[in-house]
Amino acid sequence: MEDIRTLTTATENEENELFKNLLIEANTNDHQTSLLTIFGRIIASVIVGLARKQSKQQIKALLQEKEILLKEIHHRLKNNLQIISSLLNLEAQYLKDNQAIEVLKDSQMRIQSMALIHDKLYQSKDLTRINFADYIQDVVTNLLYLYNLNSSAITLKINVEDVLLVSDAAIPCGLIINELISNSLKHAFHQRESGEICIDFCSIEANVFTLTISDNGIGFAKDFDFQTTQSLGLQLVKGLTNQLKGNIHFSSNNGVEFKIMFSTKNL
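These figures come from a predicted structure and were not determined experimentally. (Residues numbered from 1 in each chain as written. Predicted model: local features only at pLDDT ≥ 70, side-chain atom pairs only at ≥ 80, totals over all residues. Heavy atoms only, no water.)

Chemist: For this particular structure, what's the right way to read the overall build of the chain?
Modeler: Across its full length, the chain carries seven helices and seven strands. Taken across its 267 residues, the chain has 38% of its residues classed as buried. Taking contacts inside the chain between residues at least 6 apart in sequence as the whole, the part at least 24 apart equals 68%. (Helix = DSSP H or I, 4+ residues; strand = E, 2+ residues; numbered from the N terminus. Buried < 20%, exposed > 50% of the residue type's maximum accessible area, 1.4 Å probe, protein only. Contact = heavy atoms within 4.5 Å.)

Listed below in structure tokens is the structure:
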């Protein structure tokens, strides 16, 4: 019984060593231990080894099943969000009010930003993190397309580290980027032929990141107060920064700059 207890708690290497010792004992210690006992120990070793192998196979199968299910969830979420975005686009075509059309377009872009996250997670080998540099490029491309802007008139400078960002941080970050870039595209270059928008994202230490979005547009009015603004987009930016447990610094000098610092340690 003691040998069986040892076998059930032994690692695979320890089990192989014990099995080898049992064979040696069967050949050299036949006067003290009966062959029946030795063979019983050997059979117990084989049974435990088979059970361990079967258990590993079951765990591997369960992990593969979980991965398939998670991929399917991300795929369905992406498809559902894209359907909602398409419905908003169809609805906008029947509206006459420009303000209502603008509201629907803003909602459509927010939904597409979230759909992109789930699309990236679906395609990623790591189902919890995405390549954030690729994601930012896709978000900006979508915004330029939706606003039907001349890319030669608005220069976009993207300086983003090749970082794998956890989805709990990527989703709010993506929405922040969507809001701030949209705001610059709509308001920063009014009656101007050209402009520049910059996006910087980098890691300043392990699991601590900074996201900076700026433009060289007309900026805000001198009496503008970012903390008390009634703008829905900027209120969302503040709320999403709180969701990241981060800090945001705003300045309006020769354009605007938003600098957000956050950590992924507790997300």
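Chemist: Could you clarify how one ought to interpret the pattern of salt bridges in this entry?
Modeler: Side-chain pairs of opposite charge can arise where the charged atoms are in close proximity. Scanning all chains against the criterion turns up five salt bridges. Note that D119 and K78 form a salt bridge whose closest N and O atoms lie 3.7 Å from each other. Here D119, found in helix α4 (residues 98–123), pairs with K78, found in helix α3 (residues 35–93); they are 41 residues apart in sequence, far enough to count as distant. Judged by its relative accessible area of 18%, D119 falls in the buried class. D138 is the salt-bridge partner of K120, the closest N and O atoms lying 2.7 Å from each other. With a gap of 18 residues between them, K120 in helix α4 and D138 in helix α5 (residues 132–147) connect regions that are remote in the sequence. Residue classification places D138 among the partly exposed residues on the basis of a relative accessible area of 26%. (Salt bridge = Lys/Arg side-chain N within 4 Å of Asp/Glu carboxyl O.)

Chemist: Just checking my understanding: could you explain the nonpolar core for this structure?
Modeler: Across soluble globular proteins, nonpolar side chains show a tendency to be buried alongside one another. Formed by 46 residues in total, the largest nonpolar core has its most connected members in F132 and F201. Breaking this core down by element, the ones donating at least two residues are α4, α5, β2 (154–160), α6 (167–188), β4 (195–205), β5 (208–215), α7 (232–243) and β7 (256–263). Discounting residues that sit within four places of it in the chain, F201 has contacts with F132, I136, N159, V160, E161, V163, L165, F209, T210, L211 and F262. Formed by six residues, the second largest nonpolar core is a distinct cluster that contains A92, L104, I111 and A115. (Core = buried A, V, L, I, M, F, W, Y, C linked by side-chain atoms within 4.5 Å.)

Chemist: Whenever I open this one, the sheet that holds β5 confuses me. Can you help?
Modeler: The strands making up a sheet associate through hydrogen bonds between their backbones, and the pairing can be parallel or antiparallel. A sheet is described by the order of its strands in space; here five strands give the open sequence β2-β4-β5-β7-β6, paired in mixed fashion. Of all strands in the sheet, those with a lone pairing partner are β2 and β6 (247–251), marking the two edges. Between one strand axis and the next, the sheet turns through 10° on average, direction left out of account. Relative to β7, β6 runs antiparallel, the two sharing five bridges. Across the sheet, the residue bridging to I248 is I260, located in β7. (Pairing = 2+ DSSP bridges. Axes fitted to C-alpha atoms, helices over the stretch in contact; angles between N-to-C directions.)

Chemist: Which parts of the structure should I look at to understand α5?
Modeler: For an α-helix, 3.6 residues make a turn, and residues three or four places apart therefore share a direction. Compared with an ideal rise of 1.5 Å per residue, which puts 16 residues at 22 Å, α5 spans 23 Å between its outermost C-alpha atoms and is within 8% of the ideal. Considered for burial, the residues of α5 that qualify are F132, A133, Y135, I136, V139, V140, L143, L144, L146 and Y147. In this fold, the buried residues of α5 make contact with α4, β1 (129–131), β2, β3 (164–166), α6 and β4. Sitting at the head of α5, N131 places a side-chain oxygen 3.2 Å from the backbone nitrogen of A133. At the C-terminal side of α5, N148 shows a positive phi close to 55°. (Expected span 1.5 Å × (residues − 1). Polar contact = N/O pair within 3.5 Å; in protein donor to acceptor, adjacent residues only side chain to side chain.)

Chemist: Explain α4 here, please?
Modeler: In a regular helix each residue adds 1.5 Å, so 26 residues correspond to 38 Å; α4 covers 37 Å between its end C-alpha atoms and thus fits that length. One side-chain oxygen at the N-terminal end of α4 lies 2.9 Å from the backbone nitrogen of Q99; it belongs to D97.

Chemist: Before we go on, may I ask you to explain a nonpolar patch on the surface in this structure?
Modeler: There is a patch of nonpolar side chains on the surface, built from L70, I73 and L77 and spanning about 230 Å² of accessible area. Given the relative accessible area of 33%, L70 is considered partly exposed. (Patch = residues over 30% accessible without salt bridge, like charges linked within 9 Å, V, L, I, M, F, W, Y side chains within 5 Å. Areas by Shrake-Rupley, 256 points an atom, 1.4 Å probe, with all protein chains shown as cover.)

Chemist: So what exactly am I meant to see when it comes to the pairing of β5 here?
Modeler: Looking down a regular strand, the side chains alternate between one sheet face and the other. For β5, the tally of buried residues reaches eight of eight residues, placing the bulk of the element in the interior. Side-chain alternation along β5 places V208, T210, T212 and S214 on one buried face and F209, L211, I213 and D215 on a second face that is also buried. Where β4 hands over to β5, the hairpin turn is made up of two residues, of which N207 adopts a positive phi near 65°. Where β5 meets β7, eight bridges bridge the pair, whose relative direction is antiparallel. Paired with L211 across the bridge in β7 is I260.

Chemist: Got a minute to help me understand the packing of α4 against α6 in this structure?
Modeler: Each packed pair of helices is defined by two parameters, the angle between the axes and the distance between the axes. Running from N to C, α4 and α6 point in directions that differ by 145°, and their axes come no closer than 10 Å. At the point where α4 passes α6, the crossing takes the right-handed sense. For the pair formed by α4 and α6, the contact residues are E102, D106, M109, R110, S113, M114, I117 and L121 on the first element and S167, A170, I171, G174, L175, N178, E179, S182 and K186 on the second. Broken down by class, the residue content of the contact of α4 with α6 amounts to seven nonpolar, five polar and five charged. (Left-handed = near helix turned anticlockwise from the far one by under 90°. Nonpolar A, V, L, I, M, F, W, Y, C, P; charged D, E, K, R; others polar.)

Chemist: Where do I start with unusual backbone geometry in this structure?
Modeler: Negative phi values dominate among residues other than glycine, just as trans dominates among peptide bonds. The phi torsion at N207 lies on the positive side, around 65°, for a residue other than glycine. Among the secondary structure elements, N207 is positioned in the loop between β4 and β5. Even without being a glycine, K245 presents a positive backbone phi close to 60°. Here K245 shows up in the loop between α7 and β6.

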